[in-house]
Amino acid sequence: MIETLLEYNSAERVYEMLISIPFKKINKWLFYFFEKLPETMVNEKNYNLLLEYLGDKSDNKITSSTCRNMRFLDKYLKIDKDAYVTCSRIIYMKKENNKFIVEIYFSLLFHDQCYSPDELLLLFDADKNLLKNIYFFILKNYDMIDFNGSFLTAFLALGEEWVESFAELVAETICDNRNHDEYRFRTLWNLDDYSIYFDAIFKKLTECKDYLSKWELSDAFRVIMSYDIDGSRNESFSRQEQWILHTIEEYAQSEKIVVLFSSICEMNTELRRKAFNIFLKNNSDYEMFNRLTLDASHCGGCEDEIIPQMQERIRFLEVLLSDLKGAKYIRHAKRVRDQIELWKEQIETEELNNICRKLYQ
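As the structure is a computational prediction, the values presented were derived from the model and not from experiment.

### A closer look at the side chain of R335
Within the secondary structure, R335 is located in helix α19 (residues 330–359). The buried charged residue R335 lacks any salt bridge partner; its closest oppositely charged side chain belongs to D295, at an N-O distance of 6.9 Å. A polar side-chain atom of R335 sits 2.9 Å from the main-chain carbonyl oxygen of L292. Residue contacts for R335: discarding those within four places in its chain leaves Y286, F289, N290, R291, L292 and L294.

Structural data, given as structure tokens:
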């Protein structure tokens with residue numbers, strides 16, 4: 001309808017017609033006007049009307065709408081080469097009153113089908129800090145963007161401020177059960193600078209005091225590492241292994257390391273053995289060792305799975321025990337032996353339970 005009106009009337013006439021009628025959804029009608037306005041009709045006057053429209057409060061109560069593709073701003077670049085910056089500043093200010101309206105304008109900015117990272121950086125060249133704020137605002141409130149991390153990759157390469165903002169975002173949202181973060185994390189593991197990014201995340205997370213429990217934070221690291229439980233070998237896994245070992249070496253004297261050991265307790269035995277050896281090489285203190293997780297955080301499944309799981313734990317502990325030689329590791333070795341005996345007792349109990357269950361079936 002808007003396109004038809006514009007075909008037979010001037011832009012000024014159509015605009016006056018729209019604002020003279022008390023449409024219930026006038027904000028939506030006016031957006032279509034600016035979106036469908038042919039480039040040949042664009043001038044400074046209707047660009048100023050667009051700025052007035054974007055700053056208007058008629059969208060304060062909008063809670064349902066399709067996304068608004070900002071591609072319509074391309075035709076205004078001949079009036080204002082920084083039209084994206086100018087308009088985005090106005091829209092971004094609305095986040096205090098209506099986050100939803102901000103999301104429907106900006107969410108398509110970070111989809112490969114609409115823009116490329118390099119194109120966005122050019123469009124926001126006059127204010128890249130605004131682009132940074134918009135990206136992390138949308139990523140925080142709307143997880144369904146930038147699945148493959150192509151925008152995140154380009155942005156993090158811009159420097160420390162972007163890396164710090166991303167680490168802060170991860171810390172703020174780590175307990176929110178977000179479904180798509182792991183795809184972006186997998187992309188980061190494939191980058192040459194992966195260690196810089198995950199060092200920043202680790203530092204920020206372990207400094208945060210707002211978590212409900214240690215296990216919740218540990219579980220978050222499992223998502224960040226996105227490893228396969230079977231420890232399948234690939235380039236990403238090798239990089240994760242390198243990062244884990246260098247992090248243990250760097251933080252061996254800090255209680256931050258407790259979280260990391262809790263996170264890797266289900267990874268393959270070879271890596272876990274290396275992790276303990278690196279730790280012991282840099283810190284032989286028993287009190288810290290006593291806080292490190294020795295076993296996987298869960299044990300369960302069908303009857304035929306539970307005992308093999310416990311037997312596997314015993315095998316790992318026996319390997320670890322063989323590394324604890326010398327007088328300074330006496331208490332360390334005792335803790336491991338006690339844990340082995342505990343699992344042996346659990347196996348005996350489970351075997352008796354299995355017998356009882358079969359007798360009463």
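### A look at the packing of helix α14 (residues 235–251) against helix α15 (residues 256–263)
A pair of packed helices can be characterised by two numbers: the angle between their axes and the separation between those axes. At a closest axis distance of 9 Å, the pairing of α14 and α15 adopts a crossing angle of 155 degrees. As far as their axial angle goes, α15 and α14 are roughly antiparallel. Crossing handedness for the pair α14 and α15: left-handed. Contacts between α14 and α15 pair W243, I244, T247, I248 and Y251 from the former with K256, I257, L260 and F261 from the latter. Of the residues in the contact of α14 with α15, the class split is 7 nonpolar, 1 polar and 1 charged.

### Things to note about the environment of N133
Looking at the secondary structure, you find N133 in helix α8 (residues 128–141). Between the alpha carbons of N133 and F72 there is a distance of 22 Å; along the sequence they are 61 residues apart.

### As for the packing of aromatic side chains
Considering all chains together, one arrives at 33 aromatic pairs under this definition. Here the aromatic rings of F166 and F185 are separated by 6.3 Å at their centres, their planes lie at 55 degrees, and the arrangement is tilted. Here F185 lies in helix α11 (residues 181–189) and F166 lies in helix α10 (residues 160–173), a separation of 19 residues in the sequence. Judged by centre distance (6.0 Å) and plane angle (75 degrees), the ring pair of F261 and F279 falls under edge-to-face. Placement of F261 in helix α15 and of F279 in helix α16 (residues 269–282) is noted, with a sequence separation of 18 residues between them.

### Considering unusual backbone geometry
Notably, D146 is not glycine yet its phi reads approximately 50 degrees, a positive angle. Mapped onto the elements of the fold, D146 is located in the loop between α8 and α9 (150–156).

### Remarks on the environment of N60
Structurally, N60 can be placed in the loop between α4 (44–55) and α5 (83–92). According to the relative accessible area criterion, N60 is partly exposed, its value standing at 28%. Along the chain, N60 and K95 lie 35 residues apart, while their C-alpha atoms are 9.8 Å from each other. Setting aside anything within four residues of it in sequence, one finds N60 in contact with N97 and N98.

### Thoughts on the pattern of salt bridges
Inspection of the entire model under this criterion finds 23 salt bridges. Two residues, K128 and D125, come together in a salt bridge whose shortest N-O distance is 2.7 Å. Between E207 and K203 there is a salt bridge; the shortest N-O distance is 2.9 Å. Of the two residues, E207 and K203 both sit in helix α12 (residues 194–207), 4 residues apart, roughly one turn of that helix. Connected through salt bridges with shared partners, the residues R71, D74 and E119 form a single ionic network.

Each value, and the rule that gives it
- Residues numbered from 1 in each chain as written.
- Predicted model: local features only at pLDDT ≥ 70, side-chain atom pairs only at ≥ 80, totals over all residues.
- Heavy atoms only, no water.
- Helix = DSSP H or I, 4+ residues; strand = E, 2+ residues; numbered from the N terminus.
- Buried < 20%, exposed > 50% of the residue type's maximum accessible area, 1.4 Å probe, protein only.
- Lys, Arg positive; Asp, Glu negative; His and termini not counted.
- Salt bridge = Lys/Arg side-chain N within 4 Å of Asp/Glu carboxyl O.
- Polar contact = N/O pair within 3.5 Å; in protein donor to acceptor, adjacent residues only side chain to side chain.
- Contact = heavy atoms within 4.5 Å.
- Axes fitted to C-alpha atoms, helices over the stretch in contact; angles between N-to-C directions.
- Parallel < 35°, antiparallel > 145°, perpendicular 65-115°, else oblique.
- Left-handed = near helix turned anticlockwise from the far one by under 90°.
- Nonpolar A, V, L, I, M, F, W, Y, C, P; charged D, E, K, R; others polar.
- Phe/Tyr/Trp six-rings, centres within 6.5 Å; stacked < 30°, edge-to-face > 60°.

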